[in-house]
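Each chain, written out:
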Amino acid sequence: MIYLLNIFIYLLTPLGGVLSYYSLLGIAFDTIFGALLFLQYLFSLHMFVFMLPWIFSLRNFSLW
């Protein structure tokens, strides 16, 4: 939603204005952090799926 708002503000501001550059930075940061958040989600899902067999195998392992 904020991403769409930043695009809307960018379209309404004259080119070269402070708000124009600010909204471009907002769009760039939203895109970058959105991609990083998605990659973090994929990595955590990957780790969860591939660590499940290891976790279940340790369940039967006793240190005593």
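Nothing here was measured: the structure is a model prediction, and the numbers come from that model.

Enquirer: Quick question: what am I supposed to make of the overall build of the protein here?
Expert: Each helix and strand counted, the protein has two helices and zero strands in total. For the protein, buried positions account for 9% of its 64 residues. With an accessible surface of roughly 5900 Å², the protein has 81% of that area assigned to carbon and sulfur atoms.

Enquirer: In this structure, what is going on with the UniProt feature "transmembrane region" (unreviewed entry) in the protein? I would like to understand it.
Expert: In the numbering adopted here, UniProt assigns the feature "transmembrane region" (unreviewed entry) to residues 7-29 and 35-56. For residues 35-56, the end-to-end C-alpha separation is 32 Å, with 100% helix and 0% strand making up the annotated structure.

Enquirer: Would you take a moment to explain the packing of aromatic side chains for this structure?
Expert: The geometry of two aromatic rings is summed up by the distance between their centres and the angle between their planes. What the rule picks out here adds up to two aromatic pairs. Look at Phe-29 and Phe-33: their rings are 6.0 Å apart centre to centre, the planes differ by 15°, and that puts the pair in the stacked class. Separated by four residues within a single helix, Phe-29 and Phe-33 lie in helix α2 (residues 18-59), roughly one turn from each other. Assessed through its relative accessible area of 44%, Phe-29 is described here as partly exposed. For Phe-33, a relative accessible area of 52% puts it in the exposed group. Look at Phe-38 and Tyr-41: their rings are 6.5 Å apart centre to centre, the planes differ by 35°, and that puts the pair in the tilted class.

Parameters at a glance
- Residues numbered from 1 in each chain as written.
- Predicted model: local features only at pLDDT ≥ 70, side-chain atom pairs only at ≥ 80, totals over all residues.
- Heavy atoms only, no water.
- Helix = DSSP H or I, 4+ residues; strand = E, 2+ residues; numbered from the N terminus.
- Buried < 20%, exposed > 50% of the residue type's maximum accessible area, 1.4 Å probe, protein only.
- Areas by Shrake-Rupley, 256 points an atom, 1.4 Å probe, with all protein chains shown as cover.
- UniProt positions renumbered as here; feature names shortened; annotations may be inferred.
- Phe/Tyr/Trp six-rings, centres within 6.5 Å; stacked < 30°, edge-to-face > 60°.

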